[in-house]
Amino acid sequence: MVPVDIDIDHVARLARLELSPEERDRLRVQLSLILEHAAKVGEVATADVQPTASPIPRPMVLRPDVPTPSLGPEEALANAPEREDDRFRVPRIVEVE
Amino acid sequence: MSADELCDLRASELRSRLVRGEVSTVEIVESCLHRIEAVEGRVRAFLTPTPDVARAQAEAVAELARSDSSTVAGIPIALKDVLTTRGIRTTCASRILETYVPPYDCTAWARLSAAGSVLLGKTNCDEFAMGSSNENSAYGPVHNPWNLETVPGGSSGGSAAAVAAGEAVWALGTDTGGSVRQPAALCGVVGLKPTYGLISRYGLIAFASSLDTVGTFTRSVRDAAMLLSVLSGRDPMDATSLDHPGGDYTAALTGDVRGLRVGVVREAFGEGVEPGVRQAVQQAIERLEGLGASIGEASLPHTDYALSAYYLIAPSECSSNLARYDGVRYGLRVAGEDSVEMMMRTRGAGFGPEVKRRIMLGTYALSAGYYEAYYGQAQKVRTLVIRDYERAFETYDVLVSPTSPTTAFRIGERTDDPLAMYLSDVFTIPANLAGVPAISIPCGLDERGLPVGFQLTAPALGEELLLRVADALERELALDLVPELLRA
């Protein structure tokens, strides 16, 4: 089987995950080994097989559109790393000219 | 120390004594707290013990515990720390949730609490329930009461060890690929993974949503049936919970297995299965035959492929579910110049090596150009695994196998080899992929004196049958298992 060559930096960016150089090197080797094993799924002939997303299929469940009690602002914000009034405070999201 | 204190008794026995007025909830809770004090320094089963909560609840439920209207009232329990508890820290054994205090209860605990259960604390586990040895906890490993130098299994290792050591009478865990059954096997207790959707997962902090289930750790099959009777049933808060009435599962425990067709899974006796495991499991199968069950050979031909499919599906779902830890609404935040840098630093600092490995694996498997070859193909293999079970259950009522290829292994032995660690779950993973119920019960000890788990599997919603067979075998084996820790 061909070893899988993974662009670790690209995947880490997609996953929003900062990795140290050591972590990158270790993951490159480990992910390649795991994916080699996982690629076994490709050995099974599945041309006429439907994929399964959920083991016990249920139709889409809807509940009546009736308001029920939910968390108030204080409870919802109680775990916030940073808040401003009744809002979550975050660093800059868009570039400022 | 001896293993015959209140905290070592089965819940069914304690319930009888409570109803007869021979013992009080306070006495049972104090017995557990006393045991925790005595052994916890060596076992490390708990991340957050809650003795004050336990004492207050013991007083509050005293009257309910004396009535016979509830099967769980007055019996103290430990909860895996991936199940949310209102006002009580819930960490998922991760740095990223080190200070997280949920504003709501998971449905499983809400139901138990309403029925008079008493909370002893939150148990250690692999970070976000990812692992098979409990070594992936950010707060250190759990030690197996049968041999403190070995792992308790995982991911629900703390719950399994707590029940084995008498620190809790019973416990809840979660099972995504074997995380209840495998630690139950390695710690010599009973571990039940019910049908996908039978127990609500509201408040179970998600790892792999198409596989996650809440499961139980108990000292007997009857105790598992008692817990399940309270936990099962539809919950409007969980869209995947089944329209199933639940009910009294202890009524199924007739002890009669005559004429039942038991299929021995051929693929679960290949190389890699330790001789001690093979021998104990085969002896248990002979005892089942002696009880009047008819034994035959069954086959789940896609067992090997199931493992590969699992290690694509679970990480893929994990990478999606764990995207919510972004340092914005709760949990750790590490400062950054802008939001993206803040998120990357937060996640880099907050997640441990195994969680990072699975997030990366899942992100890769779902990324453009690879989706069909990995995730798409794994979902098709999942269909074939389900067909394997459907075919096997045409011939057999239940399937049996070892729970795990090995007994407890040494701490540190497999940490450098993720693939060897993943193989711990080769016999438990197929039931998660298919959503069917399975249970592990102890069936003996290997040559090193470590417990061996016997797995039974039934068709979806076949819990009554599963528990009936497991209970009959448990009674027939009549094992008296006392971990080394309690023998001194």
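Reading the values: the criteria
Residues numbered from 1 in each chain as written. Chains lettered and ligands numbered in written order. Predicted model: local features only at pLDDT ≥ 70, side-chain atom pairs only at ≥ 80, totals over all residues. Helix = DSSP H or I, 4+ residues; strand = E, 2+ residues; numbered from the N terminus. Rg over C-alpha atoms; globule rule 2.2 N^0.38 Å. Buried ≥ 20, exposed ≤ 12 C-beta atoms within 10 Å, placed from the backbone. Axes fitted to C-alpha atoms, helices over the stretch in contact; angles between N-to-C directions. Parallel < 35°, antiparallel > 145°, perpendicular 65-115°, else oblique. Contact = placed C-beta atoms within 7 Å. Nonpolar A, V, L, I, M, F, W, Y, C, P; charged D, E, K, R; others polar. Left-handed = near helix turned anticlockwise from the far one by under 90°. Domains from an automatic or database assignment.

Engineer: Help me understand the overall build of chain A in this model?
Structural biologist: A count of helical and extended segments in chain A gives 3 helices and 2 strands. Starting at the N terminus and walking to the C terminus, you meet the elements of chain A as α-α-α-β-β. Against the 2.2 N^0.38 benchmark of 13 Å for 97 residues, chain A shows a C-alpha radius of gyration of 23 Å, more extended than a compact globule. Dimensions of chain A, computed from C-alpha atoms along their principal axes, come out at roughly 55 × 45 × 30 Å. The proportion of buried residues among the 97 residues of chain A is 14%.

Engineer: Explanation requested: the packing of helix H2 (residues 21–38) of chain A against helix H10 (residues 303–321) of chain B in the structure shown.
Structural biologist: Helix-helix packing is described using two parameters, namely the angle between the two axes and the distance between the axes. Where H2 of chain A contacts H10 of chain B, the two axes come as close as 8 Å, and the packing angle between them is 130°. Taken together, the axes of H2 of chain A and H10 of chain B lie oblique to each other. In this structure, H2 of chain A uses Ile34, His37 and Ala38 of chain A to contact H10 of chain B, whose residues at the interface are Ser308, Tyr311 and Leu312 of chain B. Across the contact of H2 of chain A with H10 of chain B, the residue classes break down as 4 nonpolar, 2 polar and no charged.

Engineer: Mind showing me how you'd approach the packing of H10 of chain B against helix H13 (residues 372–395) of chain B here?
Structural biologist: All names here are of chain B. The geometry of H10 relative to H13 is characterised by a closest axis approach of 9 Å and an angle of 130° between their N-to-C directions. In terms of axis orientation, H10 runs oblique to H13. Judged by the twist between their axes, the crossing of H10 over H13 is left-handed. On H13, the residues touching Tyr305, Ala306, Ala309, Leu312, Ile313 and Ser316 of H10 are Tyr374, Tyr375, Ala378, Gln379, Val381, Arg382 and Val385. Here the residues of the contact of H10 with H13 sort into 10 nonpolar, 2 polar and 1 charged.

Engineer: Can you walk me through helix H6 (residues 157–164) of chain B in this structure?
Structural biologist: Because each turn of an α-helix spans 3.6 residues, side chains separated by three or four positions end up pointing in the same direction. Residues and elements named next belong to chain B. The buried fraction of H6 is high, at 8 of 8 residues. Taken together, the buried positions of H6 are Gly157, Gly158, Ser159, Ala160, Ala161, Ala162, Val163 and Ala164. After H6 finishes, the residue Gly166 shows a positive phi value of roughly 75°.

Engineer: Would you explain the interface of chain A and chain B in this entry?
Structural biologist: Often the size quoted for an interface is simply the accessible area lost on bringing the parts together. Contacts between chain A and chain B engage 45 residues on the former and 58 residues on the latter. With 8 residues, the single largest contributor to the side of chain A that touches chain B is H2 of chain A. Residue composition of the side of chain A that touches chain B, grouped by class: 28 nonpolar, 8 polar and 9 charged.

Engineer: Explain the domain arrangement of chain B to me, please; I cannot follow it from the model alone.
Structural biologist: Residues and elements named next belong to chain B. Per the domain assignment, the segments making up chain B are domain 1 (6–263 + 394–486) and domain 2 (303–380). If you average the C-alpha positions of domain 1 and of domain 2, the two centres end up 27 Å apart. Across the boundary between the two partners, domain 1 contributes 26 residues, which contact 23 residues of domain 2. Going through the elements one at a time, helix H14 (418–422) and helix H15 (429–434) are the ones with two or more residues in the side of domain 1 that touches domain 2. At 3 residues, H15 tops the list of elements feeding residues into the side of domain 1 that touches domain 2. Residue composition of the side of domain 1 that touches domain 2, grouped by class: 16 nonpolar, 7 polar and 3 charged.

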